[in-house]
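Descriptive analysis of the structure
Each chain, written out:
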Amino acid sequence: MQRVERNPQDFGRVLSSMCTRPHPAARDAAERFLATNPGDPGTYETVASLERRAVDLLGGVVGLPDVAGYVASGGTEANIQAVRIARNRFETDTRTPNVVVPQHAHFSFWKAADVLGVELRTAPLSDYTANLEAVKEQIDEDTVAVVGVAGSTEYGRVDDIPALADLADDVGALCHVDAAWGGFVLPFTSFDWNFASADIDTMTIDPHKLGQAAVPAGGLLARGPELLDELAIDTPYLESTSQVTLTGTRSGAGVASAVAAMEALWPDGYREQYYESQADAEWLTAKLRARGFDVVPPVLPIVAADMPDRLMDTLRDRGWRLSRTGRDEARVVLMPHVDRAMLREFVDDIDEVFAE
Ligand code: PLP
(Lines give C-alpha, C1' and ligand atoms only; values in the text may rest on other atoms or scores of the structure.)
Protein backbone atom coordinates (compact mmCIF):
# COMPACT_ATOMS: atom_id res chain seq x y z
CA MET A 1 0.00 0.00 0.00
CA GLN A 2 1.33 3.44 -0.87
CA ARG A 3 2.05 5.52 2.18
CA VAL A 4 0.21 8.85 2.21
CA GLU A 5 2.45 11.61 3.51
CA ARG A 6 0.67 14.00 5.84
CA ASN A 7 1.28 17.69 5.52
CA PRO A 8 3.06 18.32 8.84
CA GLN A 9 1.22 21.65 9.21
CA ASP A 10 -2.20 20.06 8.69
CA PHE A 11 -4.20 19.57 11.87
CA GLY A 12 -7.22 18.29 9.88
CA ARG A 13 -7.68 14.99 11.74
CA VAL A 14 -5.43 15.48 14.76
CA LEU A 15 -7.37 14.76 17.97
CA SER A 16 -4.41 13.67 20.09
CA SER A 17 -2.18 16.73 20.38
CA MET A 18 -1.95 19.31 23.14
CA CYS A 19 -0.44 21.73 20.63
CA THR A 20 -2.41 23.46 17.91
CA ARG A 21 -2.29 25.61 14.79
CA PRO A 22 -0.69 28.85 16.00
CA HIS A 23 -2.72 32.06 15.85
CA PRO A 24 -1.77 33.89 12.57
CA ALA A 25 -0.10 36.74 14.48
CA ALA A 26 1.87 34.19 16.51
CA ARG A 27 3.03 32.43 13.34
CA ASP A 28 4.23 35.73 11.81
CA ALA A 29 6.05 36.73 14.98
CA ALA A 30 7.73 33.31 15.20
CA GLU A 31 9.07 33.68 11.69
CA ARG A 32 10.38 37.18 12.32
CA PHE A 33 12.28 36.14 15.46
CA LEU A 34 13.46 32.72 14.31
CA ALA A 35 17.16 33.66 14.34
CA THR A 36 17.20 35.48 17.67
CA ASN A 37 18.46 34.09 20.97
CA PRO A 38 16.89 35.30 24.22
CA GLY A 39 19.54 33.23 26.00
CA ASP A 40 21.91 36.10 25.20
CA PRO A 41 19.87 39.16 26.19
CA GLY A 42 22.81 41.56 26.02
CA THR A 43 23.14 40.87 22.30
CA TYR A 44 19.50 40.24 21.39
CA GLU A 45 17.87 43.11 23.26
CA THR A 46 14.57 43.23 21.37
CA VAL A 47 13.69 39.63 22.04
CA ALA A 48 14.84 40.01 25.64
CA SER A 49 12.37 42.84 26.16
CA LEU A 50 9.70 40.74 24.44
CA GLU A 51 10.37 38.00 26.97
CA ARG A 52 9.70 40.44 29.82
CA ARG A 53 6.48 41.38 28.03
CA ALA A 54 5.56 37.68 27.71
CA VAL A 55 6.01 37.17 31.45
CA ASP A 56 3.93 40.31 32.19
CA LEU A 57 1.15 39.00 29.96
CA LEU A 58 1.32 35.60 31.66
CA GLY A 59 1.08 37.47 34.96
CA GLY A 60 -2.26 38.84 33.76
CA VAL A 61 -3.50 35.31 33.05
CA VAL A 62 -2.46 33.98 36.49
CA GLY A 63 -3.52 36.99 38.56
CA LEU A 64 -0.07 38.27 39.62
CA PRO A 65 0.93 41.35 37.60
CA ASP A 66 4.56 41.40 38.74
CA VAL A 67 5.13 37.66 38.50
CA ALA A 68 8.69 36.48 37.79
CA GLY A 69 9.47 33.91 35.13
CA TYR A 70 10.69 33.12 31.66
CA VAL A 71 9.63 31.47 28.43
CA ALA A 72 10.85 27.88 28.59
CA SER A 73 11.08 25.29 25.83
CA GLY A 74 7.91 23.68 27.14
CA GLY A 75 6.16 22.21 30.14
CA THR A 76 8.88 19.63 30.69
CA GLU A 77 11.58 22.23 31.19
CA ALA A 78 9.29 24.36 33.37
CA ASN A 79 8.45 21.40 35.62
CA ILE A 80 12.09 20.33 35.91
CA GLN A 81 13.05 23.89 36.80
CA ALA A 82 10.29 24.19 39.39
CA VAL A 83 11.57 21.06 41.12
CA ARG A 84 15.10 22.48 40.89
CA ILE A 85 13.97 25.71 42.57
CA ALA A 86 12.45 23.73 45.43
CA ARG A 87 15.47 21.47 45.79
CA ASN A 88 17.96 24.34 45.79
CA ARG A 89 15.91 26.40 48.18
CA PHE A 90 15.94 23.75 50.86
CA GLU A 91 19.21 22.05 50.10
CA THR A 92 20.69 20.14 53.02
CA ASP A 93 23.72 17.85 53.12
CA THR A 94 22.13 15.17 55.21
CA ARG A 95 18.74 14.39 53.75
CA THR A 96 17.24 13.35 50.43
CA PRO A 97 14.69 15.96 49.48
CA ASN A 98 11.34 14.65 48.24
CA VAL A 99 8.61 16.05 46.02
CA VAL A 100 5.04 14.85 46.42
CA VAL A 101 2.94 14.57 43.25
CA PRO A 102 -0.52 13.18 42.64
CA GLN A 103 -0.45 10.05 40.49
CA HIS A 104 -1.71 11.84 37.36
CA ALA A 105 1.30 14.20 37.30
CA HIS A 106 2.99 14.48 33.91
CA PHE A 107 5.98 12.19 33.27
CA SER A 108 8.25 15.23 33.20
CA PHE A 109 8.32 15.05 37.02
CA TRP A 110 9.97 11.63 36.76
CA LYS A 111 12.60 13.20 34.51
CA ALA A 112 13.04 16.00 37.05
CA ALA A 113 13.51 13.55 39.91
CA ASP A 114 16.01 11.53 37.91
CA VAL A 115 18.07 14.51 36.79
CA LEU A 116 17.97 16.34 40.11
CA GLY A 117 18.39 13.45 42.52
CA VAL A 118 15.18 14.12 44.44
CA GLU A 119 12.80 11.41 45.58
CA LEU A 120 9.42 11.51 43.86
CA ARG A 121 6.53 10.38 46.00
CA THR A 122 3.23 9.71 44.29
CA ALA A 123 -0.14 9.89 45.95
CA PRO A 124 -3.19 8.02 44.62
CA LEU A 125 -6.21 9.84 43.17
CA SER A 126 -9.86 9.74 43.95
CA ASP A 127 -12.32 10.61 41.20
CA TYR A 128 -9.47 11.56 38.84
CA THR A 129 -7.99 14.19 41.17
CA ALA A 130 -5.46 14.30 43.98
CA ASN A 131 -6.68 12.60 47.14
CA LEU A 132 -5.72 15.15 49.80
CA GLU A 133 -5.42 12.60 52.60
CA ALA A 134 -3.11 10.48 50.46
CA VAL A 135 -0.99 13.52 49.62
CA LYS A 136 -0.79 14.44 53.28
CA GLU A 137 0.44 10.96 54.17
CA GLN A 138 3.37 11.32 51.76
CA ILE A 139 4.53 14.68 53.10
CA ASP A 140 7.25 14.85 55.77
CA GLU A 141 9.97 17.22 56.94
CA ASP A 142 12.10 16.45 53.84
CA THR A 143 9.35 17.48 51.43
CA VAL A 144 10.53 20.44 49.38
CA ALA A 145 7.53 20.75 47.05
CA VAL A 146 3.95 19.61 46.74
CA VAL A 147 2.66 19.55 43.16
CA GLY A 148 -0.91 20.15 42.01
CA VAL A 149 -2.09 19.49 38.49
CA ALA A 150 -4.48 21.94 36.88
CA GLY A 151 -5.57 20.24 33.70
CA SER A 152 -4.27 16.67 33.80
CA THR A 153 -2.76 15.31 30.61
CA GLU A 154 -5.10 12.36 30.22
CA TYR A 155 -8.44 13.62 31.54
CA GLY A 156 -8.12 17.40 31.94
CA ARG A 157 -8.90 17.19 35.66
CA VAL A 158 -7.99 19.89 38.19
CA ASP A 159 -6.70 19.22 41.71
CA ASP A 160 -7.82 21.22 44.73
CA ILE A 161 -4.94 23.68 44.43
CA PRO A 162 -5.72 25.93 47.44
CA ALA A 163 -5.86 22.83 49.68
CA LEU A 164 -2.60 21.44 48.27
CA ALA A 165 -0.96 24.84 48.76
CA ASP A 166 -2.03 24.78 52.41
CA LEU A 167 -0.57 21.28 52.85
CA ALA A 168 2.73 22.50 51.39
CA ASP A 169 2.68 25.55 53.60
CA ASP A 170 2.16 23.44 56.73
CA VAL A 171 5.66 21.95 56.31
CA GLY A 172 7.28 25.02 54.75
CA ALA A 173 7.49 23.38 51.31
CA LEU A 174 6.82 25.11 48.01
CA CYS A 175 3.60 24.56 46.07
CA HIS A 176 4.08 24.08 42.33
CA VAL A 177 1.09 24.01 39.99
CA ASP A 178 1.36 22.28 36.64
CA ALA A 179 -1.09 24.23 34.49
CA ALA A 180 0.94 23.57 31.32
CA TRP A 181 -2.19 22.69 29.38
CA GLY A 182 -5.03 24.12 31.50
CA GLY A 183 -3.56 27.49 32.38
CA PHE A 184 -5.18 29.46 29.58
CA VAL A 185 -8.72 28.23 30.28
CA LEU A 186 -8.82 28.12 34.09
CA PRO A 187 -9.68 31.83 34.51
CA PHE A 188 -12.98 31.18 32.72
CA THR A 189 -14.00 28.18 34.80
CA SER A 190 -15.15 27.58 38.36
CA PHE A 191 -11.48 26.85 39.19
CA ASP A 192 -10.85 30.54 39.51
CA TRP A 193 -8.08 30.42 42.13
CA ASN A 194 -4.80 31.94 41.03
CA PHE A 195 -1.55 33.34 42.44
CA ALA A 196 -3.54 36.13 44.10
CA SER A 197 -5.96 33.88 45.98
CA ALA A 198 -3.92 30.72 46.68
CA ASP A 199 -0.52 30.20 48.23
CA ILE A 200 1.13 29.06 44.99
CA ASP A 201 4.91 29.52 44.62
CA THR A 202 5.62 28.39 41.07
CA MET A 203 3.54 27.50 38.04
CA THR A 204 3.95 25.94 34.61
CA ILE A 205 1.71 27.45 31.93
CA ASP A 206 2.52 26.84 28.27
CA PRO A 207 1.75 29.36 25.55
CA HIS A 208 2.42 26.63 22.95
CA LYS A 209 -0.56 24.62 24.17
CA LEU A 210 -3.90 26.39 24.77
CA GLY A 211 -2.11 29.75 24.47
CA GLN A 212 -2.02 29.18 20.67
CA ALA A 213 1.63 30.23 20.28
CA ALA A 214 4.13 28.40 18.07
CA VAL A 215 6.34 25.67 19.53
CA PRO A 216 8.64 26.12 21.52
CA ALA A 217 6.95 28.35 24.10
CA GLY A 218 6.52 27.02 27.62
CA GLY A 219 6.15 29.18 30.69
CA LEU A 220 7.75 28.96 34.12
CA LEU A 221 6.35 31.48 36.61
CA ALA A 222 7.42 32.20 40.19
CA ARG A 223 5.84 34.33 42.86
CA GLY A 224 8.97 36.44 43.18
CA PRO A 225 12.45 36.92 41.70
CA GLU A 226 14.11 35.34 44.75
CA LEU A 227 12.62 31.98 43.75
CA LEU A 228 13.92 32.32 40.20
CA ASP A 229 17.33 33.27 41.60
CA GLU A 230 17.63 29.72 42.93
CA LEU A 231 18.32 28.81 39.29
CA ALA A 232 20.91 31.49 38.52
CA ILE A 233 24.23 30.38 37.05
CA ASP A 234 27.06 32.79 36.20
CA THR A 235 27.63 33.34 32.48
CA PRO A 236 31.16 34.69 32.12
CA TYR A 237 31.38 34.99 28.33
CA LEU A 238 27.96 36.56 27.65
CA GLU A 239 27.13 40.24 27.97
CA SER A 240 24.66 39.42 30.73
CA THR A 241 26.05 38.04 33.99
CA SER A 242 23.77 35.13 34.83
CA GLN A 243 21.18 32.79 33.37
CA VAL A 244 18.23 31.03 34.98
CA THR A 245 17.06 28.93 32.04
CA LEU A 246 17.91 25.24 31.62
CA THR A 247 18.73 25.61 27.94
CA GLY A 248 21.42 28.04 26.78
CA THR A 249 20.83 29.16 23.23
CA ARG A 250 17.09 29.04 22.55
CA SER A 251 14.88 30.27 19.76
CA GLY A 252 13.28 33.70 20.06
CA ALA A 253 10.44 32.36 17.89
CA GLY A 254 8.58 30.96 20.88
CA VAL A 255 9.02 34.15 22.91
CA ALA A 256 7.80 36.46 20.14
CA SER A 257 4.94 34.23 19.19
CA ALA A 258 3.81 33.90 22.82
CA VAL A 259 3.58 37.69 23.07
CA ALA A 260 1.72 37.97 19.76
CA ALA A 261 -0.76 35.23 20.70
CA MET A 262 -1.51 36.67 24.13
CA GLU A 263 -1.83 40.23 22.80
CA ALA A 264 -4.33 38.98 20.24
CA LEU A 265 -6.33 36.62 22.45
CA TRP A 266 -6.19 37.55 26.14
CA PRO A 267 -8.83 37.53 27.51
CA ASP A 268 -11.73 37.57 25.03
CA GLY A 269 -10.26 35.28 22.38
CA TYR A 270 -9.26 32.64 24.92
CA ARG A 271 -12.63 32.89 26.67
CA GLU A 272 -14.60 32.41 23.44
CA GLN A 273 -12.41 29.53 22.38
CA TYR A 274 -12.84 27.84 25.75
CA TYR A 275 -16.65 28.12 25.63
CA GLU A 276 -16.68 26.68 22.12
CA SER A 277 -14.28 23.82 22.92
CA GLN A 278 -16.10 22.92 26.13
CA ALA A 279 -19.45 22.87 24.30
CA ASP A 280 -17.86 20.65 21.64
CA ALA A 281 -16.49 18.33 24.34
CA GLU A 282 -19.98 17.94 25.77
CA TRP A 283 -21.47 17.42 22.29
CA LEU A 284 -18.93 14.68 21.53
CA THR A 285 -19.55 13.05 24.92
CA ALA A 286 -23.28 12.87 24.18
CA LYS A 287 -22.71 11.46 20.67
CA LEU A 288 -20.30 8.80 21.94
CA ARG A 289 -22.57 7.80 24.82
CA ALA A 290 -25.49 7.50 22.41
CA ARG A 291 -23.37 4.92 20.53
CA GLY A 292 -22.75 2.90 23.69
CA PHE A 293 -19.26 4.08 24.67
CA ASP A 294 -18.30 4.74 28.29
CA VAL A 295 -17.08 8.33 28.47
CA VAL A 296 -15.27 10.08 31.32
CA PRO A 297 -17.15 13.38 31.86
CA PRO A 298 -15.10 16.27 30.45
CA VAL A 299 -14.43 18.86 33.16
CA LEU A 300 -12.12 20.74 30.78
CA PRO A 301 -12.14 20.08 27.02
CA ILE A 302 -10.68 16.54 26.93
CA VAL A 303 -12.90 13.53 26.21
CA ALA A 304 -11.78 9.98 27.07
CA ALA A 305 -13.91 7.12 25.79
CA ASP A 306 -13.59 3.38 26.07
CA MET A 307 -13.21 2.25 22.42
CA PRO A 308 -12.31 -1.19 21.10
CA ASP A 309 -8.77 -1.53 19.67
CA ARG A 310 -10.05 -2.49 16.23
CA LEU A 311 -12.11 0.66 15.97
CA MET A 312 -9.13 2.78 17.04
CA ASP A 313 -6.95 1.06 14.43
CA THR A 314 -9.47 1.60 11.65
CA LEU A 315 -9.90 5.24 12.59
CA ARG A 316 -6.15 5.64 12.47
CA ASP A 317 -6.09 4.11 9.00
CA ARG A 318 -8.62 6.75 8.03
CA GLY A 319 -6.19 9.45 9.11
CA TRP A 320 -7.49 10.18 12.62
CA ARG A 321 -4.84 10.73 15.25
CA LEU A 322 -6.07 9.59 18.67
CA SER A 323 -3.95 8.81 21.71
CA ARG A 324 -4.66 6.41 24.54
CA THR A 325 -4.94 6.93 28.26
CA GLY A 326 -3.10 4.57 30.64
CA ARG A 327 -6.43 2.71 30.95
CA ASP A 328 -6.56 2.31 27.17
CA GLU A 329 -9.35 4.76 26.53
CA ALA A 330 -9.29 6.84 23.35
CA ARG A 331 -8.47 10.42 24.22
CA VAL A 332 -9.68 13.44 22.25
CA VAL A 333 -8.11 16.78 23.15
CA LEU A 334 -10.34 19.61 21.99
CA MET A 335 -7.67 22.05 20.95
CA PRO A 336 -8.67 25.16 18.99
CA HIS A 337 -8.11 23.42 15.64
CA VAL A 338 -10.76 20.83 16.59
CA ASP A 339 -14.15 22.26 15.64
CA ARG A 340 -17.69 20.91 15.42
CA ALA A 341 -17.39 20.15 11.68
CA MET A 342 -14.32 18.01 12.32
CA LEU A 343 -16.06 16.19 15.18
CA ARG A 344 -19.13 15.50 13.00
CA GLU A 345 -16.81 13.93 10.44
CA PHE A 346 -15.21 11.87 13.22
CA VAL A 347 -18.57 10.60 14.50
CA ASP A 348 -19.71 9.87 10.91
CA ASP A 349 -16.56 7.80 10.41
CA ILE A 350 -17.30 5.83 13.58
CA ASP A 351 -20.80 5.12 12.26
CA GLU A 352 -19.38 4.02 8.90
CA VAL A 353 -16.89 1.68 10.54
CA PHE A 354 -19.68 0.12 12.62
CA ALA A 355 -21.83 -0.30 9.51
CA GLU A 356 -19.05 -2.13 7.58
N1 PLP B 1 2.48 19.15 32.01
C2 PLP B 1 1.31 18.75 31.49
C3 PLP B 1 0.08 18.79 32.36
C4 PLP B 1 1.23 18.31 30.18
O5 PLP B 1 0.05 17.89 29.70
C6 PLP B 1 2.40 18.29 29.40
C7 PLP B 1 2.37 17.84 28.00
O8 PLP B 1 1.40 17.38 27.49
C9 PLP B 1 3.60 18.72 29.97
C10 PLP B 1 3.61 19.15 31.28
C11 PLP B 1 4.89 18.71 29.18
O12 PLP B 1 4.88 19.71 28.24
P13 PLP B 1 5.90 19.71 27.01
O14 PLP B 1 5.53 18.53 26.17
O15 PLP B 1 5.63 21.03 26.36
O16 PLP B 1 7.27 19.61 27.54
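Refer to the structure presented above.
The notes below deal with the structure included here. (Residues numbered from 1 in each chain as written. Predicted model: local features only at pLDDT ≥ 70, side-chain atom pairs only at ≥ 80, totals over all residues. Heavy atoms only, no water.)

1. As for a negative patch on the surface
Judged by side-chain charge, Asp 160, Asp 166, Asp 169, Asp 170 and Asp 199 come together as a negatively charged surface patch. Within the element layout of this structure, Asp 160 appears in the loop between β6 (143-149) and α6 (161-170). (Patch = residues over 30% accessible without salt bridge, like charges linked within 9 Å, V, L, I, M, F, W, Y side chains within 5 Å. Areas by Shrake-Rupley, 256 points an atom, 1.4 Å probe, with all protein chains shown as cover. Salt bridge = Lys/Arg side-chain N within 4 Å of Asp/Glu carboxyl O. Lys, Arg positive; Asp, Glu negative; His and termini not counted. Charge placed at Lys NZ, Arg CZ, Asp CG, Glu CD. Helix = DSSP H or I, 4+ residues; strand = E, 2+ residues; numbered from the N terminus.)

2. Structural notes on the pairing of strand β3 (residues 119-123)
Of the strand pairs in this sheet, strand β2 (residues 98-102) and β3 are connected by five bridges, and their pairing is parallel. Considered in β3, the bridge of Val 100 is made with Arg 121. (Pairing = 2+ DSSP bridges.)

3. Quick word on the pattern of salt bridges
Pairs can form between side chains of opposite charge once their charged atoms are near each other. Taken as a whole, this structure holds 17 salt bridges when the rule is applied. A salt bridge links Asp 309 to Arg 324; the nearest nitrogen and oxygen atoms lie 2.7 Å apart. Here Asp 309 is found in helix α10 (residues 309-317), whereas its partner Arg 324 is found in strand β14 (residues 323-324), with 15 residues between them in sequence. Classification of Asp 309 as partly exposed rests on a relative accessible area of 44%. (Buried < 20%, exposed > 50% of the residue type's maximum accessible area, 1.4 Å probe, protein only.)

4. Quick notes on the sheet that holds strand β15 (residues 330-333)
The antiparallel open sheet is built from four strands, whose spatial order is β12-β13-β15-β14. With one partner strand each, in any of the chains shown, β12 (295-296) and β14 form the two edges of the open sheet. Alignment of strand β13 (residues 302-305) against β15, held across four bridges, turns out to be antiparallel. By the bridge assignment, Ala 305 is partnered in β15 with Ala 330.

Interpretation note: all reported values are geometric properties and have no functional meaning in isolation.
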